[in-house]
Amino acid sequence: MATPLSASAVLTALRAEGVRVVEVGNWRTHNRNSKGAWGPLNGSIVHHTVTKGTASTVAMVRDGYASLPGPLCHGMIAKDGTVHMVGWGRTNHAGGGDPTVLARVVAEDYGTRPPTPTKGNSNGTDGNRHFYGWECENLGDGKDPWPAAQYDAIVRVQAALCRAHGWTAKSVIGHLEWSSDKVDPRGFSMADLRADVAERLKHPASWSPGTTTPTPKPSKETPVATTDDRVKALHANLLAIGEIGTTAKGTTSGRVEHGAGYYLAHILNEVRQLRVDVANLKKEK
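These notes cover the structure that comes with them. (Residues numbered from 1 in each chain as written. Predicted model: local features only at pLDDT ≥ 70, side-chain atom pairs only at ≥ 80, totals over all residues. Heavy atoms only, no water.)

Looking at the overall build of the protein chain
Then, in step 1: In terms of helices and strands, the protein chain carries nine helices and ten strands.
Then, in step 2: A total of 285 residues make up the protein chain; the buried ones form 43% of that total.
Then, in step 3: A sequence separation of at least 24 residues applies to 75% of the contacts in the protein chain between residues at least 6 apart.
Then, in step 4: Of the roughly 14,700 Å² of accessible surface on the protein chain, a fraction of 56% belongs to carbon and sulfur atoms. (Helix = DSSP H or I, 4+ residues; strand = E, 2+ residues; numbered from the N terminus. Buried < 20%, exposed > 50% of the residue type's maximum accessible area, 1.4 Å probe, protein only. Contact = heavy atoms within 4.5 Å. Areas by Shrake-Rupley, 256 points an atom, 1.4 Å probe, with all protein chains shown as cover.)

Dropping the structure here:
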């Protein structure tokens with residue numbers, strides 16, 4: 001169970017997942033909250049619209065019709081993959097459904113499919129309270145194609161919600177899996193869709209199929225042994241200065257001063273070379 005995402009939060013989640021979003025009118029406050037509760041949220045339902053034409057479909061799912069006022073979903077996923085946000089809050093999309101299905105979705109403990117629903121709109125549990133709803137532009141005749149861009153957007157939208165709530169793909173169902181009197185969506189398998197959502201959730205939100213998650217490039221470093229040898233040599237030179245630079249009486253001689261100068265010059269050159277090496281390493285990274 002989860003508290004519904006805010007309108008701002010869902011936009012952030014969708015865009016992070018690579019979804020193209022269009023905000024339609026006052027969608028953030030357009031809802032049916034006056035008719036019942038919205039939440040706790042337990043999953044997301046995918047629908048088809050039985051319509052053709054994006055503009056008319058957006059208008060229909062936003063406004064509804066005489067026997068069923070809008071909004072009829074939260075977002076409409078068009079043929080080109082654009083998601084038109086039309087409402088946020090309780091919407092008329094799920095209707096009544098099987099409480100056994102709801103329990104299995106909450107537990108996320110079913111196999112490839114939830115149990116076949118035995119209850120529907122007239123005698124089922126209120127699904128508008130418990131699910132996000134996404135209408136997808138399609139005639140729903142099993143013949144109207146699902147373009148790759150649209151299907152990819154459906155996967156991304158569902159993954160965005162699952163990622164935001166910490167759900168698995170088993171929190172995503174089709175309307176036909178919720179209600180005994182529904183057949184949508186037609187034209188693809190919900191089991192396959194869940195598998196694609198599950199695969200997407202294995203990767204960062206920015207991932208696209210056909211690409212791999214980039215592996216951090218190892219930094220180029222000077223071998224430790226070489227650096228250690230140089231440091232030890234410098235240390236030995238410093239000790240040598242201490243050993244030859246002072247007589248038994250604590251005074252210095254010209255020869256000793258000359259030797260100290262030699263070793264100091266050598267050390268200075270080594271320090272300069274180390275600086276050059278460090279600068280080159282920075283350029284290589």
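Continuing now.
Let's talk about unusual backbone geometry
Then, in step 1: The step from Gly70 to Pro71 runs through a cis peptide bond, and the omega angle for that step is 5 degrees.
Then, in step 2: Positionally, Pro71 belongs in the loop between strand S4 (68-69) and strand S5 (75-77).
Then, in step 3: Residue Pro185 is bonded to the preceding Asp184 through a cis peptide linkage, with omega at 0 degrees.
Then, in step 4: With respect to the helices and strands, the residue Pro185 is situated in the loop between helix H6 (175-178) and helix H7 (190-200).
Then, in step 5: Even without glycine at this site, Val50 takes up a positive phi of about 60 degrees.
Then, in step 6: With respect to the secondary-structure elements, Val50 resides in the loop between strand S2 (43-48) and helix H2 (54-63).
Then, in step 7: Positive phi outside glycine occurs at Glu108, with the angle close to 50 degrees.
Then, in step 8: In this structure, Glu108 sits in the loop between helix H3 (99-107) and strand S8 (125-126).
Then, in step 9: Overall, the relative accessible area of 21% leaves Glu108 in the partly exposed class.

Topic: the sheet that holds strand S10 (residues 172-174)
Then, in step 1: Spatially, six strands are ordered S1-S6-S5-S9-S2-S10 in an open sheet, and the strand pairing comes out mixed. Each edge of the sheet is formed by a strand with only one pairing partner; in this case those strands are strand S1 (21-23) and S10. Here the average twist between neighbouring strands, direction ignored, is 25 degrees.
Then, in step 2: Along the sheet, H2 contacts S5, strand S6 (83-85) and strand S9 (131-136); its crossing angle with S5, the most-contacted strand, is approximately 155 degrees.
Then, in step 3: Set on the sheet, H7 makes contact with S2 and S10; between it and S10 the angle comes to about 160 degrees. (Pairing = 2+ DSSP bridges. Axes fitted to C-alpha atoms, helices over the stretch in contact; angles between N-to-C directions.)

Quick look at the nonpolar core
Then, in step 1: If you look at the biggest cluster of nonpolar residues, it comprises 36 residues, and the most contacted ones within it are Leu14, Met85, Trp88, Tyr132, Trp134 and Leu193.
Then, in step 2: Among the elements of the structure, helix H1 (7-16), S6, S9, helix H5 (148-165) and H7 are those that each provide at least two residues to this core.
Then, in step 3: Per element, the largest residue contribution to this core is eight residues, and it comes from H5.
Then, in step 4: Here Leu193 is in contact with Val46, Tyr151, Ile154, Val155, Val172 and Phe188, once residues within four sequence places are set aside.
Then, in step 5: Listed in part, the nine residues of the second largest apolar core include Ala94, Val105, Tyr110 and Phe131. (Core = buried A, V, L, I, M, F, W, Y, C linked by side-chain atoms within 4.5 Å.)

Re the side chain of Asn42
Then, in step 1: On the secondary structure map, Asn42 appears in the loop between S1 and S2.
Then, in step 2: The buried category is assigned to Asn42, whose relative accessible area is 4%.
Then, in step 3: Those residues in contact with Asn42 that sit more than four places away from it in its chain are Met1, Leu102, Val105, Val106, His130, Trp167 and Ser171.

Side note on H7
The α-helix advances 3.6 residues per turn, and as a result positions three or four apart in sequence lie on the same side.
Then, in step 1: Listing the buried residues of H7 in full gives Met190, Ala191, Leu193, Arg194, Val197 and Arg200.
Then, in step 2: Close packing links the buried residues of H7 with S2, H5, S10 and H6.
Then, in step 3: With a side-chain oxygen lying 3.1 Å from the backbone nitrogen of Ala191, the N-terminal cap of H7 falls on Ser189. (Polar contact = N/O pair within 3.5 Å; in protein donor to acceptor, adjacent residues only side chain to side chain.)

Considerations on the pattern of salt bridges
Side chains carrying opposite charge are able to pair once their charged atoms draw close together.
Then, in step 1: Inspection of the entire model under this criterion finds eleven salt bridges.
Then, in step 2: Note that Glu23 is salt-bridged to Arg15, the shortest N-O span being 3.5 Å.
Then, in step 3: Overall, Arg15 belongs to the partly exposed group, its relative accessible area being 44%.
Then, in step 4: Salt-bridge contacts for Asp144 lead to Lys79; the nearest nitrogen and oxygen are separated by 3.0 Å. With Asp144 in the loop between S9 and H5 and Lys79 in the loop between S5 and S6, this residue pair connects regions lying 65 residues apart in the sequence.
Then, in step 5: Each of the salt bridges in this network shares a partner with another, and the network as a whole consists of Arg15, Glu23 and Arg28. (Salt bridge = Lys/Arg side-chain N within 4 Å of Asp/Glu carboxyl O.)

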